[in-house]
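Descriptive analysis of the structure
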Amino acid sequence: MFELLKARLGHGYQAIPNPLKANINPSFPGVAVILRADEQDFALAEQLCPTQAITKYSLDMGKCCFCGECSRKFPDTFTFKPDFRMASSSREGLVIKWQPQSATCSVPQVEVNRDLQKLFRRSFALRNVSAAGCNACELELGASSNVNFDMGRYGLEVVASPRHADGLILTGPVSANMAGALQETWEAIPEPKALILCGTCAISGGMFAKSGAIDRGWLESTPAVLYIPGCPAHPLSIIHGIMSLLGRNK
Amino acid sequence: MDNTSSPHNPYVTDLPKLIDNAGFFTRIRQLCALGYIPLYYFGSAKSILHCGMAKNNKEMEFLCTGFPKKGAYPALSTDFPAFHIFERELFEEWGILPEAHPWLKPLRFPPDSKVKMKDYPFFNSKSQVLHEVGVGPVHAGVIEPGHFRFICHGESIEHLEIQLGYQHRGICKLMQKGDIRTKMPLAEMIAGDTAIGHGLAYCLAVEALCGVQPKQSVQSIRLVALELERIAMHLADLSALSGDIAYLSGLNFFAALRTTVINSSLAICGSRFGKRWLRPGGVNYGISAQQNKVLRDTLDTFEAQFNRSSKALFGDSGVLNRFDSTGSISLQAAQELNMSGITAKACSYEVDARKDFPIKEAESFEPVTEQSGDVYARAMVRYREINQSLELIRYLLSTLPDNSDIESGDIPQPNKAKMAVSIVEGWRGRIVHVLISADDGSTELYKIYDPSLHNWFALALAVRGEGISDFPLCNKSFDLSYCGADL
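Presented here is an overview of the structure given in this document. The model shown is predicted, which means the values in this text are computed figures rather than measured ones.

Between chain A and chain B, the residue contacts involve 60 residues of the former and 56 residues of the latter. Interface area for chain A against chain B, summed over the two sides, is near 4300 Å², with a carbon-plus-sulfur share of 62%. The largest contributions to the chain A side of the interface with chain B come from Cys 134, Asn 177 and Phe 208 of chain A, which together make up 14% of the buried area. Summed over the shared surface of chain A and chain B, the result is 2 salt bridges. Scanning the region where chain A abuts chain B turns up 19 residue pairs in polar contact (both at pLDDT 80 or more). Counting only elements with at least two residues in the side of chain A that touches chain B, the list comes to helix H1 (2-11), helix H3 (69-73), strand E7 (124-130), helix H5 (136-144) and helix H6 (176-188) of chain A. Among the residues forming the side of chain A that touches chain B, the class breakdown is 31 nonpolar, 19 polar and 10 charged.

Below is the structure:
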């Protein structure tokens, strides 16, 4: 009993006061930034990028595995801000584009989804399906509910059954062997429901996009409401993305 | 050691000479009798059967033979169960039949598999008294997919069959495509919770193949990363074990402590999982004198709180009641199944690549072991290994030069027609990577072995006779990788 009390006292208060405005270590590679439209750097980076995320003059965060090779080799052209607000409500929004008029680049945006906001503003339950996820996104999604990030405080939770869920949060590139179970889980969630793609693999297949063991057919016919990039997606990115989607990021 | 030119892990050698089938299998049986363990056993596209047997850095043999003429041979598994999973893989990949194999079922269901997943041949008791419970592939928690089929007598588990393959991503094939030196991000995804373990095994294999040896200081940084990963994942497991028995204080204590540790990795390399930290030939991020001090201070604070929390955990009679004698595995089973890591050490099987196959000329390293082989022992090994890793990290950090520079230069082309083998003690256990280069220097073959491949079967044995409600606890105490096994 006393051991437990001592441990509890030492533990202190662990929750991050406001995960939507948290400070993150400056070494975190968050939102991608294109600093200039350098033809040669882009040509070389295009060769270098393991997931073909870079083309002239854009960087697709939905494909990026955040290995950082481009920003280390060409620091004058590419950088990643320590900004966890990486999610986007459209797939296109994840493509960071160079805008020559202003000599800046685009940033990902989450637009409030009015339909979801009306129904799920105060309570949003998600069922996670890991379909060939490497367990990094799964651990980060799990951590979103832990004592530090505690998304439960906002009424956001990951539930054990699709019957209890308002949506599905997918991790992993979707292996052919999991495609059926993923679809069945989706069908078991009552309407209305929302699909969220968590992590680069779920968004684009990432490193596995060209593997013969991957089957993303179902995703092509099922639109997602939110895309949260990262390898893995950071808990702060997950919470920020979902809260913004529900119009609660104020 | 035969045919090898590098005296210790990672190994690089010319392709071993082909011997005849009879000689190959006889030698394997002899080595098994001498207490060697199989590191790898697989067929290649060139119709060659490879086997690596070892006891430690000095006692190691690489063997090769052609595929058996009739496409069949007397199974090794009947005498040496350690081979059962290798032989299942061999049969699935190349159709070579290990005759009289006791459990020759599909393993991963790759795209060209003849057997469909829904036709998996589950063991069926045909009993009127027993009933079956199927769980998965989608589980209640936020975890990877796999299917568990229990045969129960009332609440008690008589038999568990584990069907994997849902996570199969074809990662070995992807490793073989293109320049092997650029595969770091992929290696980190073999199992994302073991990014450093598998990443380091990949780096070592590539470096051996390309004839590069990084400096001692670089190896030290990598080992710091490896031990940080071990601490972080052991904490995740202690947290989840607490959660599974509704000891919510432990669930939260260890989860918060894990945050502290993985944020230390983030501060150095930008990833809470240590992704992008290592690279073949060096590391992307060094540890500056200031980071060194911050890390040591963080770990000091961590250690005090960790030991307080552990004392509370292991001093709680309710916790001990659930951990004690649950999901036991015998030493004999551990040895026969070629188990490694926490689960093996928890039944006093003293295997640890840090001792048996050291990467650096190591100081003496003694693995932590426990006797009872149950959930308690597996939790205890984790607790003691965290303290051991703290000591290791402190030692490594004290040897790092100030502003330790990093080597991130390009490494030379791979040597042609060579084989490289690397062994790393990841947090789950022994990781083995095998890399073979073709005559033109391209990658002919990349093989990955996560300890989970062997340990999954042990979980099935551990739950026999347990209540089905204790399965989550047993499963978490093993915490095996689905994608590491399914690749």
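After that view, the rundown keeps rolling.
Another point: the state of the cysteines. By the definition in use, this model includes 0 disulfides over all chains. Here Cys 49 of chain A stays free of any disulfide, with the sulfur of Cys 64 of chain A as its closest cysteine sulfur at 6.5 Å. Taking relative accessible area as the criterion, Cys 49 of chain A reaches 14% and is therefore assigned buried. Cys 210 of chain B takes part in no disulfide bond, and the closest cysteine sulfur, belonging to Cys 203 of chain B, lies 11 Å away.

With that settled, the discussion passes to the packing of helix H7 (residues 248-269) of chain B against helix H8 (residues 289-314) of chain B. Residue and element names in this part refer to chain B. Running from amino to carboxyl end, H7 crosses H8 at an angle of 165 degrees, the nearest separation of the two axes being 10 Å. In terms of axis orientation, H7 runs roughly antiparallel to H8. In terms of crossing hand, the pair formed by H7 and H8 is left-handed. On the side of H7, the interface is formed by Phe 253, Phe 254, Leu 257, Thr 260, Val 261, Ser 264, Ala 267 and Ile 268, while H8 contributes Gln 291, Leu 295, Thr 298, Phe 302, Gln 305, Phe 306, Ser 309, Ser 310 and Leu 313. Here the residues of the contact of H7 with H8 sort into 10 nonpolar, 7 polar and no charged.

Counted by the stated rule, this structure contains 42 salt bridges over all chains. Across the pair Glu 39 of chain A and Lys 56 of chain A runs a salt bridge whose closest N-O atoms are separated by 3.4 Å. Taken together, the residues Glu 39 of chain A in helix H2 (residues 39-48) and Lys 56 of chain A in the loop between strand E2 (54-55) and strand E3 (58-60) connect sequence positions 17 residues apart. Overall, the relative accessible area of 45% leaves Lys 56 of chain A in the partly exposed class. A salt bridge links Lys 345 of chain B to Asp 352 of chain B; its shortest N-O distance comes to 2.8 Å.

Residue and element names in this part refer to chain A. With respect to the element layout, Thr 171 can be found in strand E9 (residues 167-171). Considering only alpha carbons, one finds Thr 171 and Cys 201, 30 residues apart in sequence, at a separation of 7.1 Å. In contact with Thr 171, other than residues within four places in its own chain, are Asn 128, Val 129, Ser 130, Ala 131, Gly 133, Cys 137, Glu 138, Cys 198 and Ala 202. Here the side chain of Thr 171 touches Asn 128 through a polar contact of 3.4 Å, side chain to side chain.

Residues and elements named next belong to chain A. Topologically, Leu 44 is positioned in helix H2. Classification of Leu 44 as partly exposed rests on a relative accessible area of 42%. Along the backbone, Leu 44 and Ala 233 are 189 residues apart, and their C-alpha atoms lie at a distance of 27 Å.

The next thing to look at is a nonpolar patch on the surface. Residues and elements named next belong to chain A. Together, Met 1, Phe 2 and Leu 5 make up an exposed nonpolar region whose accessible area comes to about 410 Å². Topologically, Phe 2 is positioned in helix H1. You can call Phe 2 exposed: its relative accessible area is 67%.

In this section: helix H15 (residues 471-478) of chain B. With 6 of 8 residues buried, H15 of chain B is to be regarded as a mostly interior element. Just downstream of H15 of chain B lies Asp 479 of chain B, where phi reads positive at about 40 degrees.

Residues Leu 59 and Leu 170 of chain A together with Trp 277 of chain B are the most contacted members of the largest nonpolar core, which totals 179 residues. With 14 residues, helix H6 (residues 216-244) of chain B is the largest single contributor of residues to this core. Non-local contacts of Leu 170 of chain A, meaning those with residues more than four positions away in its chain, are made with Val 129, Ala 131, Leu 182, Ile 196, Leu 197, Cys 198, Ala 202 and Leu 219 of chain A. Counting residues in hydrophobic clusters, the runner-up holds 67 residues, among them Leu 49, Ile 162, Val 432 and Ile 436 of chain B.

Moving on: the packing of aromatic side chains. The geometry of an aromatic ring pair comes down to the distance between the two centres and the angle between the two planes. Counted under the stated rule, the structure contains 28 aromatic pairs over all chains. Pairing Tyr 41 of chain B with Phe 83 of chain B gives two aromatic rings, centres 5.3 Å apart and planes at 85 degrees, and the pair type is edge-to-face. Residue Tyr 41 of chain B is located in strand E3 (residues 37-43), and its partner Phe 83 of chain B is located in the loop between strand E6 (72-74) and helix H2 (84-94); the two are separated by 42 residues in the primary sequence. Both residues of the pair, Tyr 41 of chain B and Phe 83 of chain B, count as buried. Three or more aromatic residues link up through ring pairs in this structure, and these residues are Phe 254, Phe 302, Phe 306, Phe 314, Tyr 376 and Tyr 383 of chain B. Across from the ring centre of Trp 186 of chain A, 4.8 Å away, lies the NZ or CZ of Lys 193 of chain A, which sits over that ring. Above the ring of Phe 122 of chain B, the side-chain terminus of Arg 149 of chain B is found at 3.8 Å from the ring centroid.

All names here are of chain A. Burial of strand E10 (residues 194-198) is extensive: 5 of the 5 residues sit out of reach of the surface. Here E10 shows a buried face lined by Ala 194, Ile 196 and Cys 198 and a second buried face lined by Leu 195 and Leu 197. Looking at chain direction, E9 and E10 are connected through 5 bridges and run parallel. Paired with Leu 168 across the strands is Leu 195, a residue of E10. What joins E9 to E10 is H6, and the crossover it makes is right-handed. Pairing analysis gives 3 bridges linking E10 to strand E11 (residues 226-228), with the strands arranged parallel. In the strand pairing of E11, Cys 198 is matched with Ile 228.

Residues and elements named next belong to chain B. Spatially, E8-E9-E10 is the arrangement adopted by the 3 strands of the open sheet, whose pairing is antiparallel. At either end of the open sheet lies a strand with only one pairing partner, and these are strand E8 (131-135) and strand E10 (156-163). Between one strand axis and the next, the sheet turns by 20 degrees as a mean value, whatever way the strands run. As paired elements, strand E9 (residues 147-153) and E10 share 7 bridges and run antiparallel to each other. For Arg 149, the partnering residue across the bridge sits in E10 and is Glu 161.

Cut-offs used in this document
Residues numbered from 1 in each chain as written. Chains lettered and ligands numbered in written order. Predicted model: local features only at pLDDT ≥ 70, side-chain atom pairs only at ≥ 80, totals over all residues. Heavy atoms only, no water. Contact = heavy atoms within 4.5 Å. Buried area = accessible area lost by both parts, 1.4 Å probe. Salt bridge = Lys/Arg side-chain N within 4 Å of Asp/Glu carboxyl O. Polar contact = N/O pair within 3.5 Å; in protein donor to acceptor, adjacent residues only side chain to side chain. Helix = DSSP H or I, 4+ residues; strand = E, 2+ residues; numbered from the N terminus. Nonpolar A, V, L, I, M, F, W, Y, C, P; charged D, E, K, R; others polar. Disulfide = S-S within 2.5 Å. Buried < 20%, exposed > 50% of the residue type's maximum accessible area, 1.4 Å probe, protein only. Axes fitted to C-alpha atoms, helices over the stretch in contact; angles between N-to-C directions. Parallel < 35°, antiparallel > 145°, perpendicular 65-115°, else oblique. Left-handed = near helix turned anticlockwise from the far one by under 90°. Patch = residues over 30% accessible without salt bridge, like charges linked within 9 Å, V, L, I, M, F, W, Y side chains within 5 Å. Areas by Shrake-Rupley, 256 points an atom, 1.4 Å probe, with all protein chains shown as cover. Core = buried A, V, L, I, M, F, W, Y, C linked by side-chain atoms within 4.5 Å. Phe/Tyr/Trp six-rings, centres within 6.5 Å; stacked < 30°, edge-to-face > 60°. Lys NZ or Arg CZ within 6 Å of the ring centre and 35° of its normal. Pairing = 2+ DSSP bridges. Right-handed = clockwise from strand over helix to strand, strands pointing away.

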